[in-house]
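Chain and residue survey
Residue-level listing of the chains:
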Amino acid sequence: MCSLFKRNSKESPSSHTPLKKLTIALVPLLTFLGGCATSDTTTPITAAAVTPVISCDSLAGKQLENVTITSVSAIPATASLPGHCQVLATENGTEHDIKVLLPNDWFERYYQQGGGGFDGEIPDLTPAVVTGPNAGTAALKAGTIVLGNNGGHRDPSGAVFLNNPSVVERYAHTAISKARDFADALARTYYGKLPHYSYYEGCSNGGRGALNAASKYGTRFDAVIAGAATLNLHGQITHWTRAAALALPTPTQLKAVAAAAIAKCDALDQASDGVISNWQACNFDPSTDVPASVGLTTAEAAAVKTLMTDSTLSDGSTIYSGFSFGDMSYWGPAYAKLGIGHMRNIVLNNPAWDPATFNINNDFPTIVNVIQNKYHFSAEANGLAQFLQAGKKIVIWHGSDDALLSQKDTIRTWQEVASAAGTAASQNSRLYIAPGVNHCGGGPGAETFDLFTPTMNWVEKGTSPGPVTARKLDTTQTGTLFTRPLCVHPSFPKYKGSGDINDAANYTCSAS
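A brief report on the enclosed structure follows. Just so it is clear, the structure is predicted and the values come from calculations on it, not from any experiment.

1. Some words on the sheet that holds strand 1 (residues 63-64)
Reading across from one edge, 1-2-3-4-6-5-7-8-11-12 is the order of the 10 strands in this open sheet, with mixed pairing throughout. The open sheet has two edge strands, strand 1 and strand 12 (429-434), and neither has a second partner. Running at roughly 125° to strand 11 (residues 393-399), helix 9 (residues 381-389) makes contact with strand 8 (223-227), strand 11 and strand 12 of the sheet. In this fold helix 12 (residues 452-461) packs onto strand 5 (109-113), strand 6 (144-149), strand 7 (197-203), strand 8, strand 11 and strand 12, with an angle of close to 150° to the strand it touches most, strand 7.

Here it is in structure tokens:
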């Protein structure tokens, strides 16, 4: 099936068929390895490190792929990071800023870090703690070029998108390829050769970017890691905008709603640990299961229940799966802002649009037409299927307590990809659900884990990943409170019935 994957890295996404109506049949994701080669280059990777052929300082002012290098810094090795050349650059005629870390000892790997929200700033490329959203530190330590960019603009508020289609296009996905073009030219200039293995990782909007990297620019990457991603931004915008008309409880009350869900469903994994691990078996209703002392009005309880319920059209078709049981106190106030921001600044280009006029049945076709048909924000299912059929790897993870993007919608929409890819889905992809983890982190669950290293080993050594150990860190981010296995969906960490409930060794990944 590898011969089917012949996408040009600069091919227009309009050549892809739009997303079909999504099914909800669950396709199990098995844990064995597929057989296609993953390298885009013909020269095998060398065992020895590649060293620069020119100095870091000599890169200053160079123009590569219509990008100008604005500053360079030779960063000496420290106890935590290897020595590297830091490059800052900007795409000519734009506000598309790019940052690249070039290791002194390079093992022909490339890692691109996705951003978040409306982008507008370069993410931290060397976080102190490696997490699911960002493993730039682990990548740099593995002798990898690490790149991050700002999504093509410098406005985190998203107001810059209004009547600015070229900026919207970069934010939607084209900045991914433009940054990669620059990285390749930089590698050829600095090391004298191109990367052999290439990875993309991100969470939230960066997770959407990871799936786009695979779907739209699949010849440029060997594997992607997508956290809290969406294959359905048009449905997500609809669900957020719908929230603008709801009478949401106060943040304090929303915290109490989440606590009520834990009280009802915590022990479904056989351990009372403050985490709903067996979330699929949890039957929580905010209109009946929240104590009266919380003081929810009928309208407030109904509002929470609406957010936990699928958004559907009048014909009954699901356009977005509802949220789960996570704490909405932080993200709840953002629902209307995000929905209305997308509607005003991208979908309608009308800053005066009144959200009170929003009607799902009338407005959803317009959202789809702009977000997907015009700008191709979401990864195309057939492009992802081709990526997997070429033997390349997709690793997806999502927190079961995510109160901003629904893990249930990620699972639902992934089934179209799995169906289109056939056996390549079970061979070359993994879907992990992190119990009790909110949006890209936070929540009561174990949110700290490294998916880059097992993905790298899968691509380069053929080591098929299974459960990964996740940690819950203390407030200093230095001590571990407890560990849990991060299980391949549909399994969850189930307590064995004896031993320390804080130790992952005493849990098994179970589907029941």
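2. Overview of the environment of R484
Secondary-structure assignment places R484 in strand 14 (residues 480-486). In this structure the C-alpha to C-alpha distance between R484 and I75, which are 409 residues apart in sequence, comes to 36 Å. The residues contacting R484, other than those within four sequence positions of it, are D273, A446, V468, T469, A470, I501, N502, D503, A504 and Y507. In terms of polar contacts, R484 uses its side chain to reach the backbone carbonyl oxygen of I501, at 2.8 Å.

3. Describing the state of the cysteines
Joining two cysteines, a disulfide is a covalent bond between their sulfur atoms. Under the counting rule described, the total for this entry stands at four disulfides. The residue that forms a disulfide with C203 is C440, at a sulfur-sulfur distance of 2.0 Å. The sign of the -105° torsion about the S-S bond sets the C203-C440 disulfide as left-handed. Within this pair, whereas C203 is found in strand 7, its partner C440 is found in the loop between strand 12 and helix 12, the two being separated by 237 residues in sequence. Residue pairing for C487: its cysteine sulfur links by disulfide to C509, the two sulfurs lying 2.1 Å apart. Between C487 and C509, the S-S dihedral sits near -80°, and the bridge is therefore left-handed. With C487 in the loop between strand 14 and strand 15 (492-495) and C509 in strand 16 (residues 507-510), the pair connects residues that are 22 residues apart, well separated along the chain.

4. Section: helix 10 (residues 407-421)
Here helix 10 spans 21 Å end to end across 15 residues, near enough to the 21 Å set by a 1.5 Å rise per residue. Counting buried positions over the 15 residues of helix 10 gives 12, a clear majority of the element. Here the buried face of helix 10 lies against strand 10 (318-320), helix 9, strand 11, helix 11 (423-428) and strand 12. Of the residues one or two after helix 10, G422 is the one with positive phi, at around 65°.

What counts, and where the lines are drawn
Residues numbered from 1 in each chain as written. Predicted model: local features only at pLDDT ≥ 70, side-chain atom pairs only at ≥ 80, totals over all residues. Heavy atoms only, no water. Pairing = 2+ DSSP bridges. Helix = DSSP H or I, 4+ residues; strand = E, 2+ residues; numbered from the N terminus. Contact = heavy atoms within 4.5 Å. Axes fitted to C-alpha atoms, helices over the stretch in contact; angles between N-to-C directions. Polar contact = N/O pair within 3.5 Å; in protein donor to acceptor, adjacent residues only side chain to side chain. Disulfide = S-S within 2.5 Å. Expected span 1.5 Å × (residues − 1). Buried < 20%, exposed > 50% of the residue type's maximum accessible area, 1.4 Å probe, protein only.

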